[in-house]
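# Analysis of the macromolecular model
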Amino acid sequence: MSCPYSSKPNQSASISNHRDVEESIHTDFKDDMSYGDYLNLEKVLSAQHPLSDQHDEMLFIVIHQASELWIKLAGHELTEAISNIKNGDFGHAFKVISRVKQILGQLTQSWGILSTLTPVDYLKFRDTLGHSSGFQSYGYRKIEFLLGNKNAQLLKVHENDPSVHQELDTILNQPSLYDEALLALKSHGLPIDDSVIHRDFSQPYQHNDSVLQAWLTVYQNAEHYFHLYELAEKLVDIEDSFQQWRFKHMYTVQRIIGNKIGTGGSSGVSFLKKALDISFFPELFDLRTQL
């Protein structure tokens, strides 16, 4: 019986389940760069070296390697955003900050894949990790520093790699994304305490009332300060996405290892929970109560 919604009975029977390779498609790469060459896929796809014979260790390795690539891109984009805001190019800053938001969403989704790893299966190869831990991710540390969560103590774990240590130390002592946003407020005539503008950027940012009042002025006069208002909302997008990533990380770890000590020596879940209390842009959330 033919499909009641089709005017041509048995139309599917005449469709070939085959696609010819078009003659124009390039197939000879003896002297030409291929897709694999451009992406260095030989190195990327040969970088997975499980230390056990357990099937699920490959999942664990690939998830973390892929995450590090996304983290690297996020750091690349945040560095550009900082430069854009410093130079007054808000349009491009908004573009790359929006991209970082999507990257963080991608990273959050990856925890869902990792959560298919059961506690029993993880324990079969966990000991092979030794003291290696995501806490040692310099890409993640770079993102935190770029966003403003400065902590010089965290550099110690990277002392064994001089080039990484130097890069992170440089970022630690430079204005973060939020610092540049506050400098932008000041440049637009909004009163910000000198103690904020000329502070030691290697130190954790502390809530400041002059900053809160400046952001309140921006929100209460959004049409006049539209670029600053839009910047503030982009920053909130970043923190929102970052906190979802943090939460999903914590919950996935809790689901797989419970309250065990982390491989890197941290208290595990309780240590990850503390990160949820850290805000990159505290005044942008406080102002909502006062609007």
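Report follows, based on the coordinates. (Residues numbered from 1 in each chain as written. Predicted model: local features only at pLDDT ≥ 70, side-chain atom pairs only at ≥ 80, totals over all residues. Heavy atoms only, no water.)

## Let's talk about the packing of aromatic side chains
Enumeration according to the criterion identifies 14 aromatic pairs in this entry. With a centroid separation of 5.5 Å and an interplanar angle of 75 degrees, the aromatic rings of Tyr140 and Trp245 are classed as edge-to-face. Highlighted residues: Tyr140 in helix α6 (residues 138–147) and Trp245 in helix α11 (residues 226–257), separated in sequence by 105 residues. Residues Tyr140 and Trp245 agree in their burial class; the two are buried. Between the aromatic rings of Tyr219 and Tyr229, the centroid separation amounts to 4.9 Å while the plane-to-plane angle is 75 degrees, which identifies the pairing as edge-to-face. On the criterion of sequence distance, the pair formed by Tyr219 in helix α10 (residues 209–220) and Tyr229 in helix α11 is long-range, its members being ten residues apart. In this structure Tyr219 comes out as buried when scored by relative accessible area, which is 12%. By the ring-pair criterion, three or more aromatic residues cluster together here, those being Tyr140, Tyr178, Tyr205, Phe242, Trp245, Phe280 and Phe281. (Phe/Tyr/Trp six-rings, centres within 6.5 Å; stacked < 30°, edge-to-face > 60°. Helix = DSSP H or I, 4+ residues; strand = E, 2+ residues; numbered from the N terminus. Buried < 20%, exposed > 50% of the residue type's maximum accessible area, 1.4 Å probe, protein only.)

## Topic: helix α8 (residues 177–187)
Along an α-helix, residues three or four apart share an orientation, since each turn contains 3.6 residues. Most of α8 sits out of view: eight of its eleven residues are buried. Directly after α8, the chain includes Gly189, whose backbone phi takes a positive value near 90 degrees.

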